[in-house]
Amino acid sequence: MAGGGEDPVDVSGNDHGGRRERRGHQRIKGSMVPESEFVSYYGRPILKKPTWKNPDVPLYLWVGGLAGTSAVAAALGDVTGRPVLRRGGRLVATGGAMVGSMALIHDLGRPERFLNMLRVVKPTSPLSIGSWILSPFAALASASAASELTGVAPRLGRLAGIGAAFFGPPLASYTGVLLADTAIPAWHEARNELPLLFAASGAAAGAGAQLVITGLTGADRRERMPMVRLAVAGAAAEIAVGEVLERRLERLPGDIAGAYRTGKAGRWNRAARILTAAGGLGVLLAGPAARRGRLTVVASGAALAAGSLATRFAAFEAGMASAADPQHVVVPQRDRQDRHEQAHHEGSWLEDERSTSPVPRS
């Protein structure tokens, strides 16, 4: 029985008085079921939003790139006779590893949870591999920094520094794989670009930090020129990969690219672009100068590091927004289903044509 004085809906498709009754949504032509506008699943989000803490996780993502690049810079300074670069790189690498470890443990809630991740090695889990990258990196970087500060066992300190540099690039880029290996559309659909974006951003941040140190200590041009080149290359790559990421997401249905352009993520993203572009340009213009451009180099290096941090916050907030937006999940799924059905129908039509075509006589 119909309540509230409403006419019952005729599911047979007949009209009542020359008009079709509708309830809720308009029916699709040829279908008895109205087209739905999927907003939630019984009042709940389609995807469960990550429980990662803010700012713990964005900070962890950032210091990984900063520390990893600094370890490589320290090893470069060691083998090429650049003591300021070696010392600064070792200290920043160690500090980044310590801050990253504390941020990760704080996000996990209890220290033993981090230790439990070291009980096994799962090659299919980026988080498991990442914990086995972070742990030896932190140990080796700390050993090299201790040798640098105390002057004890310089050969062992050099070996530890080279070992930390070996783990540096994976540490700088694996966090992009970690985000992409989730069901969050804004992260998963950017799986080809996120690791490259984080690696380039980490290179810009690490080089920027070393430019700040070499500038404040009054180091000569020879100490900072390798970091000038790395900073410019990292900044250019970070901007380029970020643009490629958004352009590719534009071609996907569901407006997934909007997760990086609106809200908190959009503001962080714009800040990252401005800081990274300004820092790279400042380093490029002031890098060849010996003393005249020292303050500009310091400011540009700080801008690069800040831009890298903003990139991490932008990616983090984009994922949070994407998890809460049902169209990022439903619209791409419907598009894939439609394309699959279309391909199936076209294949069936071709099979019918082949089956009805006359068989040539021998």
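Here the structure is shown first, and the text comes after it.
Residues numbered from 1 in each chain as written. Predicted model: local features only at pLDDT ≥ 70, side-chain atom pairs only at ≥ 80, totals over all residues. Heavy atoms only, no water.

A.B. asks: Mind showing me how you'd approach empty space enclosed by the protein here?
C.D. replies: All told, the structure shown has three cavities of 30 Å³ or more when counted by the stated rule. Estimates place the volume of the largest cavity at around 150 Å³. Forming the walls of the largest cavity are 14 residues, and the residues nearest its centre are Leu 197, Gly 242, Asn 269, Arg 273 and Thr 311. Only helix H8 (221–250), helix H9 (263–286) and helix H10 (294–324) provide two or more residues apiece to the lining of the largest cavity. (1 Å grid on protein atoms, 1.4 Å probe; cavity = no way out; pocket = protein on both sides within 12 Å on 5 of 7 lines; lining within 4 Å. Points joined across faces, edges and corners; volume = space filled by probe spheres on them. Helix = DSSP H or I, 4+ residues; strand = E, 2+ residues; numbered from the N terminus.)

A.B. asks: Got a minute to help me understand the layout of surface pockets in this structure?
C.D. replies: Where empty space is left in the structure can be found by rolling a water-sized probe over the atoms. The space that makes up the largest pocket amounts to roughly 240 Å³. Mapped onto the lining of the largest pocket, the elements with two or more residues apiece are helix H1 (56–79), helix H2 (83–108) and helix H4 (126–150). Class assignment of the residues belonging to the lining of the largest pocket gives a composition of ten nonpolar, two polar and three charged. (Nonpolar A, V, L, I, M, F, W, Y, C, P; charged D, E, K, R; others polar.)

A.B. asks: Can you walk me through the packing of H2 against H4 in this structure?
C.D. replies: The relative placement of two packed helices is expressed as an angle between their axes plus a distance between the axes. Where H2 contacts H4, the axes come no closer than 8 Å and their chain directions differ by 140°. For the element pair H2 / H4, the angle class is oblique. Of the two possible hands of crossing, H2 and H4 adopt the one that is left-handed. Where H2 abuts H4, its residues Arg 86, Arg 87, Arg 90, Leu 91, Ala 93, Thr 94, Ala 97, Ser 101 and Leu 104 lie against Leu 134, Phe 137, Ala 138, Ala 141, Ser 142, Ser 144, Ala 145, Glu 148 and Leu 149. Partitioning the contact of H2 with H4 into residue classes produces ten nonpolar, four polar and four charged. (Axes fitted to C-alpha atoms, helices over the stretch in contact; angles between N-to-C directions. Parallel < 35°, antiparallel > 145°, perpendicular 65-115°, else oblique. Left-handed = near helix turned anticlockwise from the far one by under 90°. Contact = heavy atoms within 4.5 Å.)

A.B. asks: Looking at this structure, how should I read the side chain of Arg 312?
C.D. replies: For Arg 312, the location among the structural elements is in helix H10. No salt bridge is formed by the buried Arg 312; the nearest opposite charge belongs to Glu 238, separated by 5.6 Å. Setting aside residues up to four positions removed in sequence, Arg 312 forms contacts with Pro 58, Leu 61, Trp 62, Gly 65, Ala 172, Phe 198, Ser 201 and Gly 202. (Buried < 20%, exposed > 50% of the residue type's maximum accessible area, 1.4 Å probe, protein only. Lys, Arg positive; Asp, Glu negative; His and termini not counted. Salt bridge = Lys/Arg side-chain N within 4 Å of Asp/Glu carboxyl O.)

A.B. asks: Would you explain the pattern of salt bridges in this entry?
C.D. replies: One pass over the structure, following the stated rule, counts 14 salt bridges. The partner of Glu 112 in a salt bridge is Arg 110, and the shortest N-O contact between them spans 2.8 Å. Of the residues examined, Glu 112 reaches a relative accessible area of 36% and is grouped as partly exposed. Judged by relative accessible area, Arg 110 falls into the partly exposed class, the value being 41%.

A.B. asks: Would you take a moment to explain the nonpolar core for this structure?
C.D. replies: Soluble globular proteins tend to pack their nonpolar side chains together in the buried interior. In terms of nonpolar packing, the biggest core is built from 44 residues, with Phe 137, Leu 194 and Tyr 260 touching the most fellow members. Excluding anything up to four places from it in sequence, Tyr 260 contacts Ala 186, Trp 187, Ala 190, Leu 194, Leu 245, Glu 246, Leu 249, Ala 265, Gly 266, Asn 269, Ala 315 and Ala 318. Core analysis: the next-biggest nonpolar cluster, separate from the first, contains 14 residues, Ala 73, Leu 211, Val 228 and Ala 231 among them. (Core = buried A, V, L, I, M, F, W, Y, C linked by side-chain atoms within 4.5 Å.)

A.B. asks: How should I be thinking about the environment of Glu 223 in this particular structure?
C.D. replies: Position of Glu 223 among the secondary structure elements: in helix H8. Note: C-alpha distance between Glu 223 and Leu 85 (138 residues apart in sequence) is 6.2 Å. For Glu 223, the side chain forms a polar contact with the main-chain nitrogen of Val 84, separated by 3.3 Å. (Polar contact = N/O pair within 3.5 Å; in protein donor to acceptor, adjacent residues only side chain to side chain.)

A.B. asks: Mind showing me how you'd approach a nonpolar patch on the surface here?
C.D. replies: A cluster of nonpolar side chains, namely Met 98, Val 99 and Met 102, defines an oily patch on the protein surface of about 280 Å² accessible area. For Met 102, the location among the structural elements is in helix H2. What makes Met 102 exposed here is its relative accessible area of 53%. (Patch = residues over 30% accessible without salt bridge, like charges linked within 9 Å, V, L, I, M, F, W, Y side chains within 5 Å. Areas by Shrake-Rupley, 256 points an atom, 1.4 Å probe, with all protein chains shown as cover.)

A.B. asks: Explanation requested: a positive patch on the surface in the structure shown.
C.D. replies: On the surface, Lys 49, Lys 264, Arg 267 and Arg 270 cluster together to form a positively charged patch. Classification of Lys 49 by relative accessible area gives partly exposed; the value is 43%. (Charge placed at Lys NZ, Arg CZ, Asp CG, Glu CD.)

A.B. asks: Looking at this model, I keep getting lost on the packing of aromatic side chains. Mind explaining?
C.D. replies: Between two aromatic rings, the relevant description is the distance of the centres plus the angle of the planes. If you walk through the whole model with that rule in mind, you get three aromatic pairs. Consider the rings of Phe 166 and Phe 167, whose centres lie 5.4 Å apart with planes at 85°: the pair is edge-to-face. Using a relative accessible area of 62% as the deciding quantity, one classes Phe 166 as exposed. With a centroid separation of 4.5 Å and 15° between ring planes, the pair formed by Trp 268 and Phe 313 is classed as stacked. Separated by 45 residues along the polypeptide, Trp 268 in helix H9 and Phe 313 in helix H10 bring together distant segments of the chain. Residue class for Phe 313 comes out buried when judged on its relative accessible area of 11%. Over the face of the ring belonging to Phe 198 we find Arg 312, whose NZ or CZ atom lies 4.5 Å from the ring centre. (Phe/Tyr/Trp six-rings, centres within 6.5 Å; stacked < 30°, edge-to-face > 60°. Lys NZ or Arg CZ within 6 Å of the ring centre and 35° of its normal.)

A.B. asks: Could you clarify how one ought to interpret the packing of helix H7 (residues 194–216) against H10 in this entry?
C.D. replies: Packing of H7 against H10 brings their axes to within 7 Å, and their N-to-C directions diverge by 150°. Relative to H10, the element H7 lies roughly antiparallel. The element H7 and its partner H10 pack so that their crossing is left-handed. On the side of H7, the interface is formed by Leu 197, Phe 198, Ser 201, Gly 202, Ala 204, Ala 205, Gly 208, Ala 209, Leu 211, Val 212, Gly 215 and Leu 216, while H10 contributes Arg 294, Val 297, Val 298, Gly 301, Ala 302, Leu 304, Ala 305, Ser 308, Thr 311, Arg 312 and Ala 315.

A.B. asks: Could you clarify how one ought to interpret unusual backbone geometry in this entry?
C.D. replies: A negative phi angle characterises most non-glycine residues, just as the trans form characterises most peptide bonds. Put simply, Asn 54 and Pro 55 share a cis peptide bond, and its omega is 20°. Residue placement: Pro 55 occurs in the segment before H1. Positive phi values are uncommon outside glycine, yet Ala 153 reaches one of about 50°. Mapping Ala 153 onto the fold places it in the loop between H4 and helix H5 (154–180). Ala 153 gets classed as partly exposed once you look at its relative accessible area, which sits at 32%. Here Asp 255, not a glycine, exhibits a phi torsion of approximately 55°, which is positive. Position of Asp 255 among the secondary structure elements: in the loop between H8 and H9. The class for Asp 255 is partly exposed, based on a relative accessible area of 48%.

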